[in-house]
Amino acid sequence: MTFFIQIWEILKEFYPFLLKGIGMTLLISLIGTVAGLVIGLLTGIIRTTPFSKNKLLRVIHKIVNGIIAVYIEIFRGTPMMVQAMVIFWGYAFMNDGQTLPLIPAGIFIVSINTGAYMAEIVRGGIISIDKGQFEGAYSVGMTHWQAMLYVVVPQVMRNILPSVSNEFVINIKDTSVLNVIGVAELYFMAGKIIYINLEIFQTYTIVCVLYFIMTFSVTRILRLFEKKLNGRENYTICGSQSDPAAEIHIKEEAK
Amino acid sequence: MKEIVLEHLEKSFGDHKVLLDVNLTVDKGEVISVIGSSGSGKSTMLRCINLLEEPSGGVIRYKDEDIRKLNLSKYRAEVGMVFQQFNLFDNMTALENCVKPQIKVLGRKRDEAEKIAREFIEKVGMTAFVNARPRQLSGGQKQRIAIARALSMNPEVILFDEPTSALDPEMVGEVLDVIKSLAKSGLTMIVVTHEMAFAREVSDRVIFMDGGVVLEEGTPEKLFGNPKMPRTREFLSRFLNG
(Lines give C-alpha, C1' and ligand atoms only; values in the text may rest on other atoms or scores of the structure.)
Protein backbone atom coordinates (compact mmCIF):
# COMPACT_ATOMS: atom_id res chain seq x y z
CA MET A 1 0.00 0.00 0.00
CA THR A 2 2.83 2.36 0.82
CA PHE A 3 4.06 1.77 -2.75
CA PHE A 4 0.93 3.25 -4.26
CA ILE A 5 0.93 6.11 -1.85
CA GLN A 6 4.52 6.86 -2.78
CA ILE A 7 3.64 6.71 -6.46
CA TRP A 8 0.78 9.11 -5.88
CA GLU A 9 3.07 11.43 -3.94
CA ILE A 10 5.62 11.44 -6.74
CA LEU A 11 2.95 12.15 -9.34
CA LYS A 12 1.54 14.95 -7.22
CA GLU A 13 4.87 16.52 -6.51
CA PHE A 14 6.73 16.04 -9.75
CA TYR A 15 4.07 16.07 -12.44
CA PRO A 16 5.52 19.23 -14.03
CA PHE A 17 8.82 17.37 -14.45
CA LEU A 18 7.12 14.33 -15.91
CA LEU A 19 4.95 16.34 -18.28
CA LYS A 20 7.91 18.31 -19.46
CA GLY A 21 9.80 15.06 -20.01
CA ILE A 22 6.92 13.55 -21.96
CA GLY A 23 6.64 16.68 -24.07
CA MET A 24 10.31 16.65 -24.88
CA THR A 25 10.35 12.94 -25.67
CA LEU A 26 7.38 13.26 -28.02
CA LEU A 27 8.73 16.40 -29.64
CA ILE A 28 12.14 14.93 -30.38
CA SER A 29 10.87 11.55 -31.51
CA LEU A 30 8.13 13.03 -33.70
CA ILE A 31 10.35 15.54 -35.44
CA GLY A 32 13.13 12.96 -35.61
CA THR A 33 10.86 10.42 -37.27
CA VAL A 34 9.47 12.89 -39.81
CA ALA A 35 12.91 14.28 -40.61
CA GLY A 36 14.25 10.74 -40.81
CA LEU A 37 11.48 9.86 -43.25
CA VAL A 38 12.39 12.85 -45.40
CA ILE A 39 16.03 11.76 -45.40
CA GLY A 40 14.90 8.24 -46.25
CA LEU A 41 12.73 9.44 -49.13
CA LEU A 42 15.48 11.59 -50.61
CA THR A 43 18.17 8.94 -50.35
CA GLY A 44 15.80 6.22 -51.49
CA ILE A 45 14.79 8.17 -54.58
CA ILE A 46 18.38 9.07 -55.40
CA ARG A 47 19.57 5.50 -55.04
CA THR A 48 16.79 4.00 -57.17
CA THR A 49 17.13 6.56 -59.97
CA PRO A 50 18.75 5.01 -63.04
CA PHE A 51 22.16 6.42 -63.92
CA SER A 52 22.13 9.29 -66.37
CA LYS A 53 23.64 8.95 -69.84
CA ASN A 54 25.56 12.15 -69.17
CA LYS A 55 29.00 11.11 -67.97
CA LEU A 56 29.49 13.88 -65.43
CA LEU A 57 26.05 13.38 -63.90
CA ARG A 58 26.67 9.66 -63.73
CA VAL A 59 29.93 10.13 -61.85
CA ILE A 60 28.32 12.56 -59.40
CA HIS A 61 25.41 10.18 -58.91
CA LYS A 62 27.77 7.30 -58.15
CA ILE A 63 29.71 9.38 -55.64
CA VAL A 64 26.49 10.48 -53.93
CA ASN A 65 25.33 6.87 -53.81
CA GLY A 66 28.64 5.94 -52.21
CA ILE A 67 28.30 8.64 -49.58
CA ILE A 68 24.75 7.51 -48.81
CA ALA A 69 25.89 3.91 -48.45
CA VAL A 70 28.63 4.93 -46.01
CA TYR A 71 26.19 7.08 -44.04
CA ILE A 72 23.71 4.22 -43.73
CA GLU A 73 26.32 1.69 -42.67
CA ILE A 74 27.86 3.95 -40.04
CA PHE A 75 24.63 5.11 -38.46
CA ARG A 76 23.03 1.69 -38.46
CA GLY A 77 26.20 0.06 -37.22
CA THR A 78 26.86 2.17 -34.14
CA PRO A 79 24.72 2.82 -31.04
CA MET A 80 22.77 6.06 -31.01
CA MET A 81 24.06 6.78 -27.52
CA VAL A 82 27.61 6.80 -28.83
CA GLN A 83 26.61 8.84 -31.87
CA ALA A 84 25.08 11.40 -29.53
CA MET A 85 28.30 11.70 -27.55
CA VAL A 86 30.53 11.87 -30.60
CA ILE A 87 28.42 14.50 -32.36
CA PHE A 88 27.74 16.60 -29.29
CA TRP A 89 31.26 16.60 -27.89
CA GLY A 90 32.85 16.54 -31.31
CA TYR A 91 31.14 19.82 -32.04
CA ALA A 92 32.34 21.23 -28.73
CA PHE A 93 35.87 19.99 -29.44
CA MET A 94 35.95 21.79 -32.77
CA ASN A 95 34.42 24.99 -31.44
CA ASP A 96 36.54 25.73 -28.41
CA GLY A 97 34.24 24.03 -25.97
CA GLN A 98 31.10 25.72 -27.13
CA THR A 99 28.32 23.13 -27.20
CA LEU A 100 25.31 22.76 -29.46
CA PRO A 101 21.96 23.87 -28.03
CA LEU A 102 20.51 20.72 -26.47
CA ILE A 103 17.11 20.36 -28.10
CA PRO A 104 18.25 20.93 -31.69
CA ALA A 105 21.19 18.63 -31.02
CA GLY A 106 18.85 15.91 -29.79
CA ILE A 107 16.54 16.32 -32.77
CA PHE A 108 19.51 16.25 -35.15
CA ILE A 109 20.91 13.05 -33.68
CA VAL A 110 17.59 11.21 -33.72
CA SER A 111 16.87 12.45 -37.26
CA ILE A 112 20.06 11.26 -38.89
CA ASN A 113 19.95 7.99 -36.99
CA THR A 114 16.37 7.37 -38.09
CA GLY A 115 17.24 8.53 -41.61
CA ALA A 116 19.71 5.68 -41.94
CA TYR A 117 17.00 3.12 -41.20
CA MET A 118 14.37 4.93 -43.24
CA ALA A 119 16.72 4.99 -46.23
CA GLU A 120 16.54 1.21 -46.41
CA ILE A 121 12.82 1.10 -45.67
CA VAL A 122 12.04 3.55 -48.47
CA ARG A 123 14.39 1.87 -50.93
CA GLY A 124 12.69 -1.43 -50.25
CA GLY A 125 9.34 0.28 -50.72
CA ILE A 126 10.34 1.73 -54.08
CA ILE A 127 11.83 -1.52 -55.34
CA SER A 128 8.65 -3.39 -54.42
CA ILE A 129 6.51 -1.17 -56.67
CA ASP A 130 5.76 -2.91 -59.95
CA LYS A 131 7.99 -1.72 -62.79
CA GLY A 132 4.82 -1.25 -64.83
CA GLN A 133 3.90 1.76 -62.71
CA PHE A 134 7.03 3.52 -63.92
CA GLU A 135 6.50 2.42 -67.50
CA GLY A 136 2.90 3.58 -67.47
CA ALA A 137 4.12 6.97 -66.28
CA TYR A 138 6.95 7.14 -68.81
CA SER A 139 4.60 6.16 -71.62
CA VAL A 140 2.50 9.29 -71.14
CA GLY A 141 5.62 11.44 -71.08
CA MET A 142 6.30 11.78 -67.38
CA THR A 143 9.91 12.19 -66.36
CA HIS A 144 11.46 9.90 -63.77
CA TRP A 145 10.91 12.56 -61.11
CA GLN A 146 7.28 13.05 -62.05
CA ALA A 147 6.71 9.30 -62.03
CA MET A 148 8.27 9.15 -58.57
CA LEU A 149 6.38 12.11 -57.21
CA TYR A 150 2.88 11.45 -58.52
CA VAL A 151 2.75 7.70 -58.99
CA VAL A 152 5.38 5.80 -57.03
CA VAL A 153 5.99 7.73 -53.81
CA PRO A 154 2.28 7.90 -52.88
CA GLN A 155 2.13 4.13 -53.18
CA VAL A 156 5.41 3.71 -51.31
CA MET A 157 4.17 5.90 -48.47
CA ARG A 158 1.14 3.73 -48.00
CA ASN A 159 3.17 0.54 -48.10
CA ILE A 160 5.85 1.64 -45.67
CA LEU A 161 3.55 3.25 -43.13
CA PRO A 162 3.70 0.24 -40.77
CA SER A 163 7.51 0.40 -40.81
CA VAL A 164 7.43 4.14 -40.25
CA SER A 165 5.18 3.82 -37.24
CA ASN A 166 7.50 1.12 -35.96
CA GLU A 167 10.40 3.57 -36.24
CA PHE A 168 8.37 6.19 -34.39
CA VAL A 169 7.77 3.79 -31.50
CA ILE A 170 11.45 2.88 -31.41
CA ASN A 171 12.32 6.58 -31.34
CA ILE A 172 10.02 7.29 -28.41
CA LYS A 173 11.91 4.69 -26.43
CA ASP A 174 15.37 5.45 -27.76
CA THR A 175 15.30 9.19 -27.15
CA SER A 176 16.02 8.09 -23.57
CA VAL A 177 19.67 7.70 -24.54
CA LEU A 178 19.86 11.43 -25.16
CA ASN A 179 20.07 11.83 -21.39
CA VAL A 180 23.82 11.27 -21.83
CA ILE A 181 24.14 14.74 -23.32
CA GLY A 182 21.61 16.22 -20.93
CA VAL A 183 18.49 16.58 -23.07
CA ALA A 184 15.57 16.96 -20.69
CA GLU A 185 13.46 14.10 -21.99
CA LEU A 186 11.47 11.74 -19.80
CA TYR A 187 14.30 9.45 -18.72
CA PHE A 188 16.48 12.43 -17.84
CA MET A 189 13.63 13.86 -15.79
CA ALA A 190 13.34 10.59 -13.89
CA GLY A 191 16.98 11.00 -12.89
CA LYS A 192 16.28 14.49 -11.65
CA ILE A 193 13.34 13.29 -9.55
CA ILE A 194 15.38 10.51 -7.99
CA TYR A 195 18.09 12.97 -7.14
CA ILE A 196 15.55 14.69 -4.95
CA ASN A 197 13.46 11.83 -3.50
CA LEU A 198 15.75 8.76 -3.75
CA GLU A 199 12.74 6.54 -4.63
CA ILE A 200 14.30 4.76 -7.57
CA PHE A 201 11.90 1.85 -8.05
CA GLN A 202 8.76 3.93 -7.66
CA THR A 203 9.95 6.65 -10.01
CA TYR A 204 11.04 4.28 -12.75
CA THR A 205 7.79 2.36 -12.49
CA ILE A 206 5.97 5.57 -13.27
CA VAL A 207 8.32 6.36 -16.14
CA CYS A 208 7.92 2.84 -17.47
CA VAL A 209 4.14 3.14 -17.55
CA LEU A 210 4.37 6.57 -19.15
CA TYR A 211 6.57 5.23 -21.96
CA PHE A 212 4.14 2.43 -22.56
CA ILE A 213 1.18 4.80 -22.72
CA MET A 214 3.02 6.91 -25.27
CA THR A 215 4.04 4.05 -27.53
CA PHE A 216 0.68 2.34 -27.28
CA SER A 217 -1.25 5.50 -28.19
CA VAL A 218 1.03 6.24 -31.10
CA THR A 219 0.65 2.71 -32.44
CA ARG A 220 -3.14 2.92 -32.23
CA ILE A 221 -3.32 6.34 -33.85
CA LEU A 222 -1.10 5.31 -36.72
CA ARG A 223 -3.07 2.10 -37.18
CA LEU A 224 -6.20 4.20 -37.67
CA PHE A 225 -4.35 6.37 -40.13
CA GLU A 226 -3.23 3.27 -42.03
CA LYS A 227 -6.79 2.07 -42.30
CA LYS A 228 -7.85 5.41 -43.66
CA LEU A 229 -5.12 5.34 -46.29
CA ASN A 230 -6.16 1.87 -47.37
CA GLY A 231 -9.47 3.34 -48.44
CA ARG A 232 -13.02 2.47 -47.67
CA GLU A 233 -13.86 -1.16 -47.35
CA ASN A 234 -17.31 -0.79 -48.83
CA TYR A 235 -16.22 -0.04 -52.37
CA THR A 236 -18.28 -1.10 -55.31
CA ILE A 237 -17.34 -4.33 -56.99
CA CYS A 238 -17.86 -4.02 -60.68
CA GLY A 239 -19.25 -7.20 -62.16
CA SER A 240 -20.07 -7.25 -65.85
CA GLN A 241 -17.52 -6.60 -68.55
CA SER A 242 -18.92 -4.88 -71.55
CA ASP A 243 -22.11 -3.07 -70.79
CA PRO A 244 -21.86 -0.47 -68.02
CA ALA A 245 -25.64 -0.33 -67.82
CA ALA A 246 -25.66 -3.99 -66.90
CA GLU A 247 -23.12 -3.60 -64.13
CA ILE A 248 -23.68 -5.48 -60.94
CA HIS A 249 -22.95 -3.15 -58.10
CA ILE A 250 -22.32 -4.92 -54.86
CA LYS A 251 -22.06 -2.53 -51.99
CA GLU A 252 -20.37 -4.12 -49.05
CA GLU A 253 -21.60 -2.90 -45.71
CA ALA A 254 -19.06 -0.86 -43.81
CA LYS A 255 -17.70 -2.88 -40.97
CA MET B 1 3.60 11.11 -95.02
CA LYS B 2 6.04 9.03 -93.04
CA GLU B 3 5.24 8.99 -89.33
CA ILE B 4 7.66 6.45 -87.94
CA VAL B 5 10.64 4.91 -89.69
CA LEU B 6 12.85 2.18 -88.26
CA GLU B 7 16.23 1.81 -89.95
CA HIS B 8 18.39 -1.18 -89.15
CA LEU B 9 17.06 -1.26 -85.61
CA GLU B 10 19.02 -3.57 -83.34
CA LYS B 11 18.55 -4.50 -79.71
CA SER B 12 20.42 -6.95 -77.55
CA PHE B 13 20.15 -7.79 -73.89
CA GLY B 14 23.71 -8.70 -72.99
CA ASP B 15 24.76 -11.39 -75.45
CA HIS B 16 21.21 -12.13 -76.42
CA LYS B 17 20.29 -10.44 -79.69
CA VAL B 18 16.56 -9.84 -79.85
CA LEU B 19 16.33 -7.47 -82.78
CA LEU B 20 18.83 -8.11 -85.56
CA ASP B 21 17.92 -5.63 -88.26
CA VAL B 22 14.41 -4.28 -88.26
CA ASN B 23 13.33 -1.95 -91.06
CA LEU B 24 9.86 -0.55 -91.11
CA THR B 25 8.07 2.52 -92.38
CA VAL B 26 4.75 3.56 -90.92
CA ASP B 27 2.72 6.22 -92.68
CA LYS B 28 0.47 8.70 -90.98
CA GLY B 29 -2.93 7.22 -90.21
CA GLU B 30 -1.80 3.72 -91.00
CA VAL B 31 -2.89 0.80 -88.84
CA ILE B 32 -0.27 -1.89 -88.62
CA SER B 33 -0.52 -5.24 -86.93
CA VAL B 34 2.60 -7.03 -85.88
CA ILE B 35 2.32 -10.78 -85.58
CA GLY B 36 4.82 -13.52 -84.88
CA SER B 37 5.63 -16.11 -82.27
CA SER B 38 6.80 -15.29 -78.76
CA GLY B 39 10.41 -14.21 -78.66
CA SER B 40 10.38 -12.94 -82.23
CA GLY B 41 11.04 -9.39 -80.98
CA LYS B 42 7.60 -7.83 -81.53
CA SER B 43 7.26 -6.30 -78.09
CA THR B 44 10.90 -5.30 -77.94
CA MET B 45 10.50 -3.42 -81.19
CA LEU B 46 7.49 -1.58 -79.81
CA ARG B 47 9.27 -0.76 -76.58
CA CYS B 48 12.21 0.59 -78.56
CA ILE B 49 9.91 2.91 -80.49
CA ASN B 50 8.75 4.38 -77.17
CA LEU B 51 12.33 4.31 -75.84
CA LEU B 52 11.31 2.17 -72.90
CA GLU B 53 14.20 0.13 -74.23
CA GLU B 54 17.31 1.83 -75.49
CA PRO B 55 18.09 0.54 -79.02
CA SER B 56 21.56 -1.00 -79.37
CA GLY B 57 21.87 0.10 -82.98
CA GLY B 58 20.07 1.70 -85.87
CA VAL B 59 17.89 4.76 -86.02
CA ILE B 60 14.25 5.43 -85.22
CA ARG B 61 12.73 8.48 -86.88
CA TYR B 62 9.56 10.25 -85.93
CA LYS B 63 8.42 12.72 -88.59
CA ASP B 64 11.87 12.50 -90.13
CA GLU B 65 13.71 13.28 -86.93
CA ASP B 66 15.92 10.95 -84.92
CA ILE B 67 13.89 10.36 -81.76
CA ARG B 68 16.97 10.42 -79.60
CA LYS B 69 17.38 14.06 -80.48
CA LEU B 70 13.81 14.91 -79.51
CA ASN B 71 12.54 15.96 -76.12
CA LEU B 72 11.73 12.55 -74.65
CA SER B 73 8.76 13.72 -72.61
CA LYS B 74 7.16 15.53 -75.54
CA TYR B 75 7.82 12.63 -77.88
CA ARG B 76 6.24 10.10 -75.56
CA ALA B 77 3.22 12.33 -75.10
CA GLU B 78 2.75 12.18 -78.88
CA VAL B 79 3.46 8.49 -79.17
CA GLY B 80 1.28 6.79 -76.59
CA MET B 81 1.46 3.21 -75.45
CA VAL B 82 -0.99 0.62 -74.18
CA PHE B 83 0.50 -2.27 -72.27
CA GLN B 84 -0.36 -5.92 -71.87
CA GLN B 85 -0.46 -5.44 -68.11
CA PHE B 86 -2.42 -2.14 -68.35
CA ASN B 87 -0.05 -0.27 -65.99
CA LEU B 88 -2.71 2.03 -64.65
CA PHE B 89 -1.61 4.16 -61.72
CA ASP B 90 -2.82 2.19 -58.72
CA ASN B 91 -2.98 5.26 -56.49
CA MET B 92 -5.45 7.11 -58.69
CA THR B 93 -9.04 6.73 -59.80
CA ALA B 94 -9.84 5.94 -63.42
CA LEU B 95 -10.53 9.60 -64.13
CA GLU B 96 -7.39 10.78 -62.36
CA ASN B 97 -5.34 8.30 -64.39
CA CYS B 98 -6.45 10.18 -67.50
CA VAL B 99 -6.29 13.67 -65.98
CA LYS B 100 -2.99 13.74 -64.10
CA PRO B 101 -0.68 13.13 -67.08
CA GLN B 102 -2.39 15.88 -69.06
CA ILE B 103 -1.84 18.36 -66.25
CA LYS B 104 1.72 17.34 -65.47
CA VAL B 105 3.02 16.66 -68.96
CA LEU B 106 0.96 18.85 -71.25
CA GLY B 107 0.40 21.61 -68.71
CA ARG B 108 -3.35 21.62 -69.24
CA LYS B 109 -5.67 23.20 -66.70
CA ARG B 110 -7.62 20.76 -64.54
CA ASP B 111 -11.02 21.74 -65.97
CA GLU B 112 -9.87 21.25 -69.52
CA ALA B 113 -8.06 18.01 -68.69
CA GLU B 114 -11.13 16.60 -66.97
CA LYS B 115 -13.35 17.48 -69.89
CA ILE B 116 -11.01 15.76 -72.32
CA ALA B 117 -10.58 12.74 -70.05
CA ARG B 118 -14.34 12.30 -69.61
CA GLU B 119 -14.81 12.49 -73.36
CA PHE B 120 -12.43 9.63 -73.99
CA ILE B 121 -13.63 7.61 -71.02
CA GLU B 122 -17.07 7.85 -72.57
CA LYS B 123 -15.66 6.79 -75.91
CA VAL B 124 -14.34 3.57 -74.37
CA GLY B 125 -17.65 3.04 -72.58
CA MET B 126 -16.37 3.46 -69.04
CA THR B 127 -18.29 6.52 -67.87
CA ALA B 128 -19.93 4.56 -65.07
CA PHE B 129 -16.51 3.91 -63.57
CA VAL B 130 -14.77 7.28 -63.55
CA ASN B 131 -14.32 7.13 -59.80
CA ALA B 132 -13.32 3.48 -59.58
CA ARG B 133 -9.83 2.52 -58.54
CA PRO B 134 -7.86 0.15 -60.78
CA ARG B 135 -8.14 -2.67 -58.22
CA GLN B 136 -11.92 -2.48 -58.49
CA LEU B 137 -11.93 -2.98 -62.24
CA SER B 138 -11.77 -6.12 -64.34
CA GLY B 139 -8.95 -6.61 -66.82
CA GLY B 140 -10.99 -5.48 -69.80
CA GLN B 141 -12.17 -2.40 -67.96
CA LYS B 142 -8.63 -1.56 -66.91
CA GLN B 143 -7.44 -1.86 -70.47
CA ARG B 144 -10.20 0.41 -71.72
CA ILE B 145 -9.20 3.04 -69.14
CA ALA B 146 -5.58 2.59 -70.20
CA ILE B 147 -6.63 3.31 -73.77
CA ALA B 148 -8.56 6.36 -72.60
CA ARG B 149 -5.47 7.50 -70.72
CA ALA B 150 -3.36 7.23 -73.85
CA LEU B 151 -6.01 9.01 -75.92
CA SER B 152 -6.32 11.84 -73.40
CA MET B 153 -2.82 12.95 -74.34
CA ASN B 154 -4.10 13.51 -77.90
CA PRO B 155 -1.31 11.40 -79.36
CA GLU B 156 -0.48 11.04 -83.02
CA VAL B 157 0.49 7.43 -82.64
CA ILE B 158 -0.53 4.70 -80.22
CA LEU B 159 1.51 1.57 -79.73
CA PHE B 160 -0.44 -1.44 -78.49
CA ASP B 161 1.68 -4.11 -76.84
CA GLU B 162 -0.45 -7.27 -76.87
CA PRO B 163 -3.41 -5.36 -75.41
CA THR B 164 -5.60 -8.43 -75.02
CA SER B 165 -3.08 -11.11 -74.04
CA ALA B 166 -3.65 -10.75 -70.30
CA LEU B 167 -7.42 -10.82 -70.60
CA ASP B 168 -10.00 -13.53 -70.15
CA PRO B 169 -11.48 -14.61 -73.48
CA GLU B 170 -14.75 -12.92 -72.57
CA MET B 171 -13.10 -9.52 -72.19
CA VAL B 172 -11.04 -9.62 -75.35
CA GLY B 173 -13.96 -8.51 -77.50
CA GLU B 174 -14.72 -5.31 -75.63
CA VAL B 175 -11.13 -4.14 -75.88
CA LEU B 176 -10.78 -5.08 -79.54
CA ASP B 177 -13.99 -3.21 -80.31
CA VAL B 178 -12.51 -0.06 -78.83
CA ILE B 179 -9.31 -0.47 -80.83
CA LYS B 180 -11.30 -1.11 -84.00
CA SER B 181 -13.22 2.11 -83.55
CA LEU B 182 -9.93 3.96 -83.16
CA ALA B 183 -8.55 2.43 -86.31
CA LYS B 184 -11.20 4.27 -88.28
CA SER B 185 -10.42 7.60 -86.60
CA GLY B 186 -7.20 8.30 -88.50
CA LEU B 187 -4.87 7.62 -85.58
CA THR B 188 -1.61 5.93 -86.49
CA MET B 189 -1.47 2.61 -84.69
CA ILE B 190 0.98 -0.22 -84.33
CA VAL B 191 -0.63 -3.23 -82.71
CA VAL B 192 1.33 -6.23 -81.54
CA THR B 193 -1.23 -8.97 -81.32
CA HIS B 194 -2.03 -12.65 -81.37
CA GLU B 195 -5.60 -12.00 -82.51
CA MET B 196 -5.36 -12.97 -86.15
CA ALA B 197 -8.99 -12.27 -87.02
CA PHE B 198 -8.64 -8.81 -85.56
CA ALA B 199 -5.37 -8.16 -87.39
CA ARG B 200 -6.98 -9.24 -90.63
CA GLU B 201 -10.00 -7.04 -90.12
CA VAL B 202 -8.52 -3.73 -89.01
CA SER B 203 -4.99 -3.48 -90.37
CA ASP B 204 -3.86 -1.65 -93.44
CA ARG B 205 -0.72 -3.72 -93.32
CA VAL B 206 0.41 -6.79 -91.41
CA ILE B 207 4.00 -7.38 -90.35
CA PHE B 208 5.25 -10.87 -89.63
CA MET B 209 8.30 -10.89 -87.41
CA ASP B 210 10.57 -13.83 -86.82
CA GLY B 211 13.97 -14.17 -85.20
CA GLY B 212 14.45 -10.43 -84.76
CA VAL B 213 13.68 -9.31 -88.31
CA VAL B 214 10.61 -8.39 -90.30
CA LEU B 215 10.28 -11.53 -92.38
CA GLU B 216 7.28 -10.58 -94.41
CA GLU B 217 4.86 -7.75 -94.73
CA GLY B 218 1.85 -6.92 -96.81
CA THR B 219 -1.83 -6.23 -96.86
CA PRO B 220 -3.88 -8.57 -94.67
CA GLU B 221 -5.30 -10.23 -97.79
CA LYS B 222 -1.84 -10.92 -99.13
CA LEU B 223 -0.19 -11.98 -95.91
CA PHE B 224 -3.00 -14.15 -94.61
CA GLY B 225 -4.27 -15.30 -97.98
CA ASN B 226 -1.05 -15.95 -99.79
CA PRO B 227 2.02 -15.85 -97.58
CA LYS B 228 5.30 -16.15 -99.48
CA MET B 229 7.70 -17.35 -96.84
CA PRO B 230 7.49 -20.93 -95.58
CA ARG B 231 8.00 -19.72 -92.00
CA THR B 232 5.00 -17.40 -92.30
CA ARG B 233 2.88 -20.21 -93.70
CA GLU B 234 3.93 -22.48 -90.87
CA PHE B 235 3.10 -19.86 -88.24
CA LEU B 236 -0.27 -19.03 -89.77
CA SER B 237 -1.30 -22.60 -90.31
CA ARG B 238 -0.66 -23.32 -86.67
CA PHE B 239 -3.02 -20.47 -85.78
CA LEU B 240 -5.66 -21.29 -88.32
CA ASN B 241 -5.70 -25.00 -87.55
CA GLY B 242 -5.52 -24.35 -83.83
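As the structure is a prediction and not an experimental result, all values here were calculated from the model.

A. Looking closely at the pairing of strand S2 (residues 16-27) of chain B. Residue and element names in this part refer to chain B. Bridge count between strand S1 (residues 2-13) and S2: eight bridges; the pairing is antiparallel. Pairing of Ser-12 across the sheet is with Lys-17, part of S2. The antiparallel pairing of S1 with S2 creates a hairpin that spans two residues between the two strands, and Gly-14 there sits at a positive phi of about 65 degrees.

B. Geometry of the interface of chain B and chain A. Taken together, the contact pairs 33 residues of chain B with 28 residues of chain A. Both sides of the chain B and chain A interface together cover about 2500 Å² of buried area, and 53% of this is carbon and sulfur. Our count for the contact surface shared by chain B and chain A stands at two salt bridges. Taking the shortest distance from any N to any O, the salt bridge between Glu-54 of chain B and Lys-53 of chain A comes out at 3.7 Å. For the pair chain B and chain A, the number of links is eight residue pairs in polar contact (both at pLDDT 80 or more). Put simply, the parts of the chain that give the side of chain B that touches chain A at least two residues each are helix H2 (72-78), strand S6 (79-82), helix H3 (94-106), helix H5 (139-152) and helix H6 (169-183) of chain B. The greatest single-element share of the side of chain B that touches chain A, amounting to four residues, is contributed by H3 of chain B. The class makeup of the residues in the side of chain B that touches chain A is 14 nonpolar, nine polar and ten charged.

C. The arrangement of the packing of helix H1 (residues 2-48) of chain A against helix H2 (residues 55-77) of chain A in detail. Residues and elements named next belong to chain A. Packing of H1 against H2 leaves a shortest axis separation of 10 Å and a crossing angle of 135 degrees. Judged by the angle between their axes, H1 and H2 are oblique. Handedness of the H1/H2 crossing: left-handed. Within the contact between the two elements, H1 uses Ile-39, Thr-43, Ile-46 and Arg-47 and H2 uses His-61, Val-64, Asn-65, Ile-68, Tyr-71 and Ile-72. Residue composition of the contact of H1 with H2, grouped by class: six nonpolar, three polar and one charged.

D. Examining the packing of H5 of chain B against H6 of chain B more closely. Residue and element names in this part refer to chain B. Axis separation between H5 and H6 bottoms out at 8 Å; the angle between their running directions is 20 degrees. The pairing of H5 with H6 is recorded here as roughly parallel in orientation. As H5 packs across H6, the resulting crossing turns out to be right-handed. Together, Gly-139, Gly-140, Gln-141, Gln-143, Arg-144, Ile-147 and Leu-151 of H5 and Met-171, Glu-174, Val-175, Val-178, Ile-179 and Leu-182 of H6 make up the contact between the two elements. Counted by class, the contact of H5 with H6 contains seven nonpolar, four polar and two charged residues.

E. View of unusual backbone geometry. Despite not being glycine, Leu-198 of chain A shows a phi value in the positive range, around 60 degrees. Tracing the chain through its elements places Leu-198 of chain A in the loop between helix H7 (186-197) and helix H8 (200-229). The class of Leu-198 of chain A is exposed, set by a relative accessible area of 67%. For Asn-87 of chain B, which is not glycine, the phi dihedral falls at a positive 55 degrees. For Asn-87 of chain B, the location among the structural elements is in the loop between S6 and H3. Under the relative-accessibility criterion, Asn-87 of chain B is labelled buried at 6%.

Conventions we followed
- Residues numbered from 1 in each chain as written.
- Chains lettered and ligands numbered in written order.
- Predicted model: local features only at pLDDT ≥ 70, side-chain atom pairs only at ≥ 80, totals over all residues.
- Heavy atoms only, no water.
- Pairing = 2+ DSSP bridges.
- Helix = DSSP H or I, 4+ residues; strand = E, 2+ residues; numbered from the N terminus.
- Contact = heavy atoms within 4.5 Å.
- Buried area = accessible area lost by both parts, 1.4 Å probe.
- Salt bridge = Lys/Arg side-chain N within 4 Å of Asp/Glu carboxyl O.
- Polar contact = N/O pair within 3.5 Å; in protein donor to acceptor, adjacent residues only side chain to side chain.
- Nonpolar A, V, L, I, M, F, W, Y, C, P; charged D, E, K, R; others polar.
- Axes fitted to C-alpha atoms, helices over the stretch in contact; angles between N-to-C directions.
- Parallel < 35°, antiparallel > 145°, perpendicular 65-115°, else oblique.
- Left-handed = near helix turned anticlockwise from the far one by under 90°.
- Buried < 20%, exposed > 50% of the residue type's maximum accessible area, 1.4 Å probe, protein only.

Honestly, it's all geometry; don't read function into it.
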